[in-house]
Each structure stands twice: as C-alpha cells, then as structure tokens.
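Chain by chain, the residues run as shown.
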Amino acid sequence: MKNRLLILCMFGVLTVFSAYGQYPEIENTLDKKVKSFLEKNASEWRDMNVPLTDGKILYDIIVENGYTSAVEIGTSTGHSAIWIAWALSKTGGKLITIEIDKTRYLQAKANFRKAGVLKYIDVRLADAHELVPELKGEFDFVFCDADKYWYKNYFIAMDPKLKKGACFTAHNTSTRLNGIGEFLRYVENLETYDTTIDQTSRAGISKSFKK
C-alpha cells in the first residue's frame, strides 16, 4: 500500500513538473498574464481546441523561425490562437484568425482580451471557404484546424500567399478523419515543400516548410 502511494505521489509530482515545463520562460508582464490565464483555464479548453502540448509546439515554431504574419483557420474559443499570439508578441507579429460560429467567435474574443493578447490578433467572423482565398498580403505561418475535408483546398488557397521559408501547419494529421489522407498525399508530393508530422503531438501536427 505504501509503495502504491509513493508511486502515485511521484507520478503527481512528475505531472506537475511536466506541465510546468511546457510553458515558455517568463520574461515580462505579458508572459506572466498569458501564462496565468492559460493555467487558470487549463481544464476548460473543450469545443475543438488543441491541448496545451500542441499550443506549445505552435509557439516554438513561430519563435524559432521568427515568423510575424500568421493565419489561423478555425479559431474555436481561442486556445491555439492565444499560443500563436503569445509567440507573435515575441517576434513583433500579428495573427488573423477565422471562425465561422458566432458564439465561439465572441468567446474567443473575450478570452483574447482576458489573456492580454487581443492587440496581436485580428479576429474574423467569416466562412473560411470564402475568406481564405480573398486574404491579401504575404504570410509566413498558417495553422489549419477547421473542416478536415477542406484542408487541401485551404492549402492551395494559401500557397501563393506564403513566403519562402514559411510554414503551413495542420492539426489532427495522425488521424484518419475524412480529407486528412488526401491533404497529406498532396503536400508530401510537392517538391516546393518539406513536410513532416510532429509526433510529439498526440493528434499529429503536420509541418510543411516552403523551400
């Protein structure tokens, strides 16, 4: 019995340190505010949001590559966008995030304000099928986490707008959801992109870097 309790206690300690280690180092007031908000709401991110580990993956990609102009397709209530915006606060960038559902859009906007990252985000209430092809400008980072059967179409629409060295990421690419296979076959066969899947994400995050 004592051994079992000891094991459970050790597991709890390791879990706490593991979760703590997933957050970036705190360097300023904004970092403290964002981290506090994420910790406080760690168990509330349902409704098609990414888990903490995947948010940190996105954060790292942006910071490590110095990306500044990002697009997110599928906001939900804003967990991944907060991680992306937090990273962009380090690089001096901004995110355009698109959500079709008004209730989720309003909740996301409120979450951005509470987390302190709203000024780094342009929140759009729109149908991404229509808006993504109409986006103007050049971008260096995309996170796609909307209707899976449309992933390939989102990629094709964004491709001409992506700078050399840009990264198109997509969520749930380790699953067999409808459309994922078609999307992966398409991007993996492109000579203009290097595509891998981050296996540290349980759901899978594909990363396609433009050559």
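Bear in mind that the values here come from a model prediction, so they are computed numbers and not experimental data.

A. Highlighting the pattern of salt bridges. A full pass over the atoms with the stated rule returns 11 salt bridges. Linking Asp 60 and Lys 56 is a salt bridge whose minimum nitrogen-to-oxygen distance equals 2.9 Å. You can see Asp 60 and its partner Lys 56 sitting in helix H3 (residues 52-65), four residues apart, about one turn around the helix. Residue classification places Lys 56 among the buried residues on the basis of a relative accessible area of 17%.

B. Molecular detail of the side chain of Ser 76. Tracing the sequence through the fold places Ser 76 in the loop between strand S1 (69-73) and helix H4 (79-91). Assessed through its relative accessible area of 5%, Ser 76 is described here as buried. At 3.4 Å, the side chain of Ser 76 and the side chain of Asn 49 are in polar contact.

C. Structural view of the nonpolar core. With 36 residues, the main nonpolar core has Leu 38, Ile 82, Ile 84, Phe 112, Val 117, Ile 121 and Phe 141 as its most contacted residues. Listing elements by their share of this core, those giving two or more residues are helix H2 (29-40), H3, H4, helix H5 (102-115), strand S3 (121-125) and strand S4 (139-144). Looking at which element gives the most residues to this core, the answer is H4, with eight residues. Ile 84 has contacts with Leu 58, Ile 62, Ala 70, Glu 72, Leu 95, Phe 141 and Phe 143, leaving out every residue within four places of it along the chain. Core analysis: the second largest hydrophobic core is formed by 26 residues, Ala 166, Leu 184, Val 187 and Tyr 193 among them.

D. Seen up close, the packing of H3 against H4. Viewed as axis vectors pointing N to C, H3 and H4 meet at an angle of 25 degrees, and their least axial separation amounts to 8 Å. Classified by the angle between their axes, H3 and H4 sit roughly parallel to one another. In terms of crossing hand, the pair formed by H3 and H4 is right-handed. For the pair H3 and H4, contact is made by Leu 52, Gly 55, Lys 56, Leu 58, Tyr 59, Ile 62 and Val 63 and by His 79, Ser 80, Trp 83, Ile 84, Trp 86, Ala 87, Leu 88, Lys 90 and Thr 91, respectively. Here the residues of the contact of H3 with H4 are counted per class, giving 10 nonpolar, four polar and two charged.

E. Representation of the environment of Ser 80 within the structure. Residue placement: Ser 80 occurs in helix H4. The exposure class of Ser 80 is buried, given its relative accessible area of 3%. In this structure Ser 80 touches Val 50, Leu 58, Glu 72 and Phe 143, once residues within four positions along its chain are discounted. Of the polar contacts made by the side chain of Ser 80, one reaches the side chain of Glu 72; its length is 2.3 Å.

Procedures and definitions
Residues numbered from 1 in each chain as written. Predicted model: local features only at pLDDT ≥ 70, side-chain atom pairs only at ≥ 80, totals over all residues. Heavy atoms only, no water. Salt bridge = Lys/Arg side-chain N within 4 Å of Asp/Glu carboxyl O. Helix = DSSP H or I, 4+ residues; strand = E, 2+ residues; numbered from the N terminus. Buried < 20%, exposed > 50% of the residue type's maximum accessible area, 1.4 Å probe, protein only. Polar contact = N/O pair within 3.5 Å; in protein donor to acceptor, adjacent residues only side chain to side chain. Core = buried A, V, L, I, M, F, W, Y, C linked by side-chain atoms within 4.5 Å. Contact = heavy atoms within 4.5 Å. Axes fitted to C-alpha atoms, helices over the stretch in contact; angles between N-to-C directions. Parallel < 35°, antiparallel > 145°, perpendicular 65-115°, else oblique. Left-handed = near helix turned anticlockwise from the far one by under 90°. Nonpolar A, V, L, I, M, F, W, Y, C, P; charged D, E, K, R; others polar.

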